[in-house]
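Fold and geometry: a report
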Amino acid sequence: MTEDNILATVLAGGKSRRFGSNKSEIMLKDKKLIDYTLEKLKTEFKKIIIISNDLNFKNYTTIKDCIDGQLGPLVGVLTAMKWAKKNNNKYNWIATFPCDTPFFNISLIEKFKKVSKKKDSKLYFAKIKNKRHNIFGLWSLELIDELEKDLVVNGARKVEDWANKIGVKAINIENEKYDTFFNINTKEDLKYATDIFDKINNDKL
């Protein structure tokens, strides 16, 4: 069943400086990198938006950061919250996903849905072993005013620091044969991701 209490948001607003070109558009095997994320999300959510300052994506609502200046993922989260408040009064949560992590397990989405009903925290991040993955997050819209104040007035920039200040719960993900949260930042990373795909297809993982 698709989810209408949660707005799925793909964060693709960065400059991709380390890669040298916009990562959303690069090809991994036979698809654009962002398409791996979108294909998983569209089976689980009624609505998906993409935060991007440079590109527009056909068949998806694409929004630029609500604050200029390339200030990082927190601004993308705030942008999604503002869109949700303006366009649909049913949304209580924003679920964020990066555009450059093609292997994440779709079971995470079901975990997001379950904890959204528990309401024992206003913020959840995915975690595997001892590493927290802050861009895979579930954010209550009740955080919108505090997030905007901290961005505009207090200069908050780092997701890690802001989340620790607010309070965040971890959603533990089982360790798998390869890093399901591996993200592509460089051309070397792209080659490594291609190797993972080849191993998966050859059942060597």
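These lines cover the structure that appears in this document, whether it is placed above or below. Counting starts from 1 at the beginning of each chain's written sequence and moves along it residue by residue. Residues qualify for local features only when their pLDDT is at least 70, as the model is predicted, and side-chain atom pairs are given and counted only at 80 or more; totals for whole chains, interfaces and linings, by contrast, use all residues. The side-chain values count all of the structure's non-hydrogen atoms but skip hydrogen atoms and water molecules.

1. Quick notes on the overall build of the protein chain
Stated precisely, the cut-off is as follows: By definition, any uninterrupted DSSP run of H or I lasting at least four residues is a helix, any uninterrupted run of E lasting at least two residues is a strand, and each is numbered from the N terminus. Three labels apply to residues, based on accessible area from a 1.4 Å probe with only protein chains included: buried if under 20% of the type maximum, exposed if over 50%, partly exposed otherwise in between. In this description, contact between two residues means that some pair of their heavy atoms is separated by no more than 4.5 Å.
Along the protein chain, the regular secondary structure elements total six helices and nine strands. By principal-axis analysis of the C-alpha atoms, the protein chain measures approximately 50 × 35 × 30 Å. With 205 residues in all, the protein chain has 50% of them scored as buried. Taking as baseline every contact in the protein chain between residues at least 6 positions apart, the subset at least 24 positions apart corresponds to 71%.

2. Thoughts on the pattern of salt bridges
Stated precisely, the cut-off is as follows: Think of a salt bridge as a Lys or Arg side-chain nitrogen and an Asp or Glu carboxyl oxygen that are within 4 Å of each other.
All told, the structure shown has 14 salt bridges when counted by the stated rule. Among the salt bridges present, the one from K82 reaches E148, with a minimum N-O distance of 3.1 Å. Placement of the pair is K82 in helix α2 (residues 73-87) and E148 in helix α4 (residues 144-152), with a sequence separation of 66 residues. You can call K82 partly exposed: its relative accessible area is 32%. Two residues, D120 and K118, come together in a salt bridge whose shortest N-O distance is 3.8 Å. When its relative accessible area of 54% is taken as the criterion, K118 is described as exposed. Three or more residues are tied together by salt bridges with common partners; here these are K118, D120 and K169.

3. A closer look at the packing of α4 against helix α5 (residues 159-166)
Basically, it comes down to this: Throughout, an axis means a line fitted to C-alpha atoms (over the contacting stretch in the case of helices), and angles, computed between N-to-C directions, take values from 0 to 180 degrees. For this classification, under 35 degrees means roughly parallel, over 145 means roughly antiparallel, 65 to 115 means roughly perpendicular, and everything else is oblique. Note: crossing handedness is left-handed where the near helix turns anticlockwise from the far helix by less than a right angle, and right-handed where it turns clockwise.
Orientation of α4 relative to α5, taken along the N-to-C sense of each, is 130°, at an axis distance of 12 Å. Taken together, the axes of α4 and α5 lie oblique to each other. At the point where α4 passes α5, the crossing takes the right-handed sense. Side by side, α4 and α5 meet where E146, L147 and D150 of the first sit next to W162, K165 and I166 of the second.

4. Considerations on helix α3 (residues 107-118)
Stated formally: Helices are assigned an expected span. That span is 1.5 Å times one less than the residue count.
Compared with an ideal rise of 1.5 Å per residue, which puts 12 residues at 16 Å, α3 spans 17 Å between its outermost C-alpha atoms and is within 8% of the ideal. Contacts made by the buried residues of α3 are with β1 (6-11), α1 (33-41), β6 (93-98), β7 (123-128), β8 (131-140) and β9 (169-173). Looking one or two places after α3, you find K119, whose phi comes out positive at around 60°.

5. Things to note about the sheet that holds strand β5 (residues 61-63)
Using the following cut-off: A strand pair is defined by DSSP finding two or more bridges across the two strands.
Taking strand neighbours across the sheet as the criterion, the seven strands line up as β5-β4-β1-β6-β8-β7-β9 in an open arrangement whose pairing is mixed. Looking at the sheet topology across the chains shown, the edges are occupied by β5 and β9. For this sheet the average axis-to-axis angle between neighbouring strands, irrespective of direction, equals 30°. In this fold α1 packs onto β1, β4 (48-51) and β6, with an angle of close to 175° to the strand it touches most, β1.

6. Let's talk about the packing of aromatic side chains
This is how it is decided: For this analysis, a ring pair means two rings from Phe, Tyr or Trp (six-membered ring only for Trp) whose centres lie within 6.5 Å, classed as stacked if their planes differ by under 30 degrees, edge-to-face if by over 60, and tilted for the remaining angles. Think of it as a cone above the ring: NZ of Lys or CZ of Arg counts as a charge over the ring if it is within 6 Å of the ring centre and within 35 degrees of the ring normal.
Using the criterion set out here, one finds 12 aromatic pairs in the structure. Ring centres 5.0 Å apart and planes at 45° place the aromatic pair F103 and F197 in the tilted group. A residue pair is termed long-range when its members are at least 10 positions apart, and F103 in the loop between β6 and α3 and F197 in helix α6 (residues 187-201) qualify at 94 residues. Among the residues examined, F103 registers a relative accessible area of 6% and is labelled buried. Through a chain of ring-to-ring contacts, the aromatic side chains of F45, F97, F104, F112, F136 and F181 assemble into a single cluster. When the ring centre of F104 is taken as reference, the NZ or CZ atom of K40 above it lies at 4.5 Å. When the ring centre of F45 is taken as origin, the NZ or CZ atom of K113, which lies over that ring, is 5.9 Å away.

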